[in-house]
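Chain by chain, the residues run as shown.
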Amino acid sequence: MNIKKIAVLTSGGDSPGMNTALRAVVRTCAYNKIECIGVSRGFQGLINEDFKKLNTRSVRGIINRGGTMLYSARSKDFRTKEGRKKAFQNIKNNNIDALVIIGGDGSFTGGMILQKEFNVPVLGIPGTIDNDLFGTTHTLGYDTALNTVMDAIDKIRDTAISHDRLFFVEVMGRDAGHIALNSGIAIGAQEILIPEESNGIEELILSLKKSKKAGKTSSIVVVAEGDKTGSNVFELAKNVEKKFPDYEIKVSVLGHMQRGGSPSCFDRVLATRMGVKAVESLIEGYCCEMVGVDEGKLTLTPLKSAIKGTSKINSELLRVSEIMNT
Ligand code: F6P
C-alpha cells in the first residue's frame, strides 16, 4: 500500500519521551513526503475528529518536554463497536492510510481491535514508565522515571538517616516491579517488594531485624504499587510497626511525579529512533507491530504478543539485591 497520510496519537498514561517520539514521527513523515495528522486525546480524538495537520515546525521545542503535546485520555466510547465505527469513518473521511499509536498495553489493544475490525494498519511505539511490554527491553519513559525515583529516594534517605527512621516508599507499577527493583538497587534499599515475587511479611521482618542487629539505624523499603504483601503500603507499614516497634516508621508515596519531567538522554535517543522506525515500517508494509529495542537494536513484535507476553523480571537483579542486604 502506498502510504500518503499517517495519523499519530498518544494514549493511556503519559510518559517522558512521548513528545520526542511524536517529533520523530512527524519529521520522518515529512522526510518521506507523507502528510501527518495529530490526533488529540487518544482514541477519543479519533471519535471526535479532533485532528490537526502537523509539520516539522509544529513539533519544534518539544524534544525535551515531558507529558504529551497531543494530550492523552482513556476513551470509554472506543470500547463500544459504535464508537469504533465512528473512529473508522473519520479515518476514512480524512484519507488516513495508517496509524501510529504511542502508549502502553491498553492503547495497543485498542489499536489491534481497530486493525482487525477495519483493516487499518497500526504501528505501536511503547510509551509507558512501567516497562511492562513484551518485545522490548525498554519502554519510553522508563529510564527517566527510574532517575526521578532515584533522586526522590536519595532525598528521603537524607532525612531517614537523620532521624533513624524506617521508610516505606511506594513507587508506580500496577502490575510490574521493574521500577521498584531497579530503583531499589540504585538507592540501596533494604528490601524491594514487587508483584512478581512475594515472600510475605515474615521474611521482611526477618530482614529488618537482621539489619538492625548488624548496626543499621535506618532503612528504606521500596514497594511497587502492585505488591501484594499488604493491601496497600500504609497497611503494610502498620503491620510491620506492630511486630517491630523499635523503628519509627514513615510512608512516602511518590505517585504521579514519576510520570513527569524532561526525558533522559537515553529516552530521547530511543524515542527518536523508534519514531523513525515506526514510520519506515508502515512504508515497508507492516501493519500490526510494535517497535521495540533489544541489545541496542530496534525490533518489531506483533502487537498481540507485545500485549499478551509477559515482560520478565530479571532474576539476577533479585539475587544482587539479596547479596547487598547482608
Ligand atoms: O502509566 C502506568 C501507570 O504509571 C501505573 O503504574 C499506574 O498504576 C497508573 O499509571 C496510574 O495511572 P492513572 O492514575 O493516571 O490512571
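A few points on the structure. Computed from a prediction, not measured in an experiment: that's the story for all the values here.

Cut-offs used in this document
Residues numbered from 1 in each chain as written. Predicted model: local features only at pLDDT ≥ 70, side-chain atom pairs only at ≥ 80, totals over all residues. Heavy atoms only, no water. Near = heavy atom within 4 Å. Polar contact = N/O pair within 3.5 Å; in protein donor to acceptor, adjacent residues only side chain to side chain. Areas by Shrake-Rupley, 256 points an atom, 1.4 Å probe, with all protein chains shown as cover. Pairing = 2+ DSSP bridges. Helix = DSSP H or I, 4+ residues; strand = E, 2+ residues; numbered from the N terminus. Axes fitted to C-alpha atoms, helices over the stretch in contact; angles between N-to-C directions. Contact = heavy atoms within 4.5 Å. Phe/Tyr/Trp six-rings, centres within 6.5 Å; stacked < 30°, edge-to-face > 60°. Buried < 20%, exposed > 50% of the residue type's maximum accessible area, 1.4 Å probe, protein only. Core = buried A, V, L, I, M, F, W, Y, C linked by side-chain atoms within 4.5 Å. Left-handed = near helix turned anticlockwise from the far one by under 90°. Nonpolar A, V, L, I, M, F, W, Y, C, P; charged D, E, K, R; others polar.

**With respect to the site of the ligand**
Thinking step 1. The ligand sits among Arg-74, Ile-129, Asp-130, Met-172, Gly-173, Arg-174, Glu-225, His-256 and Arg-259.
Thinking step 2. One of the backbone N or O atoms of Arg-174 is found 3.4 Å from an oxygen atom in the ligand.
Thinking step 3. Here an oxygen atom of the ligand and a side-chain polar atom of Glu-225 are 2.9 Å apart.
Thinking step 4. Starting from 400 Å² of accessible surface for the ligand in isolation, the protein chains cover 79%.

**Regarding the sheet that holds strand β11 (residues 297-302)**
Thinking step 1. Taken together, seven strands build an open sheet; the order of strands is β3-β2-β1-β4-β5-β10-β11 and the sheet is mixed. Two strands lie at the open edges of the sheet, namely β3 (51-54) and β11, each paired on one side alone. Shown here is a sheet whose adjacent strand axes are inclined to one another by a mean of 30 degrees, direction ignored.
Thinking step 2. Sheet topology places strand β1 (residues 5-10) next to strand β2 (residues 35-39); five bridges connect them, and they run parallel. The partner of Lys-5 across the bridge, within β2, is Glu-35.
Thinking step 3. The sheet strands contacting helix α4 (residues 105-118) are β4 (98-103), β5 (122-126) and β10 (288-294), and the helix crosses β4 at an angle near 165 degrees.

**Overview of the packing of aromatic side chains**
Thinking step 1. Scanning the entire structure with this criterion turns up two aromatic pairs.
Thinking step 2. Taking 4.3 Å as the distance between ring centres and 25 degrees as the angle between the ring planes, the aromatic pair formed by Phe-43 and Phe-78 counts as stacked. With Phe-43 in helix α2 (residues 42-48) and Phe-78 in the loop between β3 and α3 (81-93), the pair connects residues that are 35 residues apart, well separated along the chain.
Thinking step 3. Here Phe-78 falls in the buried class, since its relative accessible area comes to 6%.

**Some remarks on the nonpolar core**
Thinking step 1. Grouped together as the largest cluster of nonpolar side chains are 30 residues, with contacts concentrated most on Ile-6, Val-8, Leu-22, Val-25, Val-100, Ile-102 and Ile-125.
Thinking step 2. Among the secondary structure elements, those contributing two or more residues to this core are β1, α1 (18-31), β4, β5, α9 (265-284) and β10.

**Examining the pairing of strand β8 (residues 219-224)**
Thinking step 1. Counting buried positions over the six residues of β8 gives six, a clear majority of the element.
Thinking step 2. Across the two faces of β8 the burial is the same, with Ser-219, Val-221 and Val-223 and Ile-220, Val-222 and Ala-224 all buried.
Thinking step 3. Pairing between strand β7 (residues 191-193) and β8: three bridges, direction parallel. Across the sheet, Glu-191 pairs through a bridge with Val-221, a residue of β8.

**A short note on the environment of Glu-82**
Thinking step 1. Mapped onto the elements of the fold, Glu-82 is located in helix α3.
Thinking step 2. The spatial distance from the C-alpha of Glu-82 to the C-alpha of Ile-47 is 9.7 Å, given a sequence separation of 35 residues.

**A word on the environment of Met-257**
Thinking step 1. Looking at where Met-257 falls in the secondary structure, it is placed in the loop between β9 (248-253) and α9.
Thinking step 2. Along the primary structure Met-257 and Ala-152 are separated by 105 residues, whereas in three dimensions their C-alpha atoms are 9.7 Å apart.
Thinking step 3. In contact with Met-257, not counting residues within four places along its chain, are Thr-148 and Ala-152.

**Quick word on the packing of α1 against α9**
Each pair of packed helices can be summarised by the angle the axes make with each other and by the distance between the axes.
Thinking step 1. Direction vectors running N to C along α1 and α9 enclose 40 degrees, while the axes themselves pass 7 Å from each other. At the point where α1 passes α9, the crossing takes the right-handed sense. For the pair formed by α1 and α9, the contact residues are Thr-20, Ala-21, Ala-24, Val-25, Thr-28 and Cys-29 on the first element and Arg-268, Ala-271, Thr-272, Gly-275, Val-276, Val-279 and Glu-280 on the second.
Thinking step 2. Split into classes, the residues belonging to the contact of α1 with α9 amount to seven nonpolar, four polar and two charged.

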